[in-house]
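Per-entry structural report
Single-letter residue listing:
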Amino acid sequence: MNGYPKPIADLMEQLGRLPGIGPKTAQRLAFHVLTMTEQGLQELVHALTGVKERLTKCPICCDWTEVTPCSRCADSERDHSAICLVGDSRDVVALERMQTYRGLYHVLGGVISPIDGIGPDQLHLRELLDRLVDEQVHELIIATDSTMEGEATAHYVAKLVRNFDSLAVTRLGHGLPVGGDLEYADEMTLVRAFEYRRPI
Ligand SMILES: [Zn+2]
């Protein structure tokens, strides 16, 4: 950050820590902030701090929510006998876009990835097991990404829940690109993958 006034260098450093922001983009954004109106800047700061202040994790499905439990868990119109297990909140949004699945979700908060130091203990698996014990769940649809980590997580969970006798455990079917992130799959692909889900 040599040559930049310290406040700009500090801002560039912080922006550069965000995913997908390289040094060039950090520089462009930092200088853009200098051109913003006071009101625009306040709105940005408000949005940045508000996202953590206003959201909390749903005690049931572990998705981010403004109300507890979240609107989906509280919705009696939804099918409470099915839980779709996903890696993170963005996957819930992607699957909701299908407008065909009416069951509930459970957000793991990541996938097992030893290289990133994420093991089963870092995921919301305890909360999932509690739900399987307490709620009338007949099907667990494992919809983790078809990446290596997503597949490993799917198999880990399938093994973990195998003692729930009346529980059907399924995995999203073919059609999803191997190694692909669920959130980037188009709706038709997701609908087909749901239709062709298979026992795991
Ligand atoms: Zn919830």
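As shown above, the structure is provided for reference.
Predicted model, so just to flag it, every value in this text is computed and none were measured. (Residues numbered from 1 in each chain as written. Predicted model: local features only at pLDDT ≥ 70, side-chain atom pairs only at ≥ 80, totals over all residues. Heavy atoms only, no water.)

1. Focus on the coordination of the zinc ion
Test applied: Note: metal donors comprise N, O and S atoms at 2.8 Å or less from the metal (3.2 Å for Na, K and Ca); water molecules are not included, so apparent gaps in a site are possible. When four donors show all angles between 85 and 135 degrees the site is tetrahedral, when four or six donors have opposite pairs over 155 degrees and all other angles between 65 and 115 it is square planar or octahedral respectively, and in every other case it is irregular. For every residue, the accessible area obtained with a 1.4 Å probe (protein chains only) is divided by the maximum for its type, and the residue is called buried under 20%, exposed over 50%, and partly exposed between those limits.
Every protein donor of the zinc ion is accounted for by C58 (SG), C61 (SG), C70 (SG) and C73 (SG), and the metal-donor separations fall at 2.3 Å. Bound by four donor atoms, the zinc ion shows angles of 104 to 117° at the metal and therefore tetrahedral coordination geometry. In primary-sequence terms, the residues that donate to the zinc ion follow C-x2-C-x8-C-x2-C. Take C61 and C70: they sit in the same class, and that class is buried.

2. Remarks on the pattern of salt bridges
What counts here: Think of a salt bridge as a Lys or Arg side-chain nitrogen and an Asp or Glu carboxyl oxygen that are within 4 Å of each other. By definition, any uninterrupted DSSP run of H or I lasting at least four residues is a helix, any uninterrupted run of E lasting at least two residues is a strand, and each is numbered from the N terminus.
One pass over the structure, following the stated rule, counts twelve salt bridges. For the salt bridge of R102 with D75, the shortest nitrogen-to-oxygen distance reads 4.0 Å. Pair noted here: R102 is in the loop between α4 (89–96) and β4 (103–107) and D75 is in the loop between β2 (64–65) and β3 (79–86), with a separation of 27 residues, a long-range link. The salt bridge partner of R131 is E135, with a shortest N-O separation of 3.3 Å. Given a relative accessible area of 24%, E135 falls into the partly exposed group. Where salt bridges share partners, they join D63, R72, R78 and E96 into one cluster.

3. Section: the environment of E135
How we decide: Contacts between residues were defined by any pair of non-hydrogen atoms, one from each residue, lying within 4.5 Å.
Relative to the helices and strands, E135 resides in the loop between α5 (125–134) and β5 (139–142). For the pair E135 and S81, spaced 54 residues apart in the sequence, the C-alpha separation amounts to 7.9 Å. If near-sequence neighbours (up to four positions away) are discounted, E135 is found in contact with I60 and L104.

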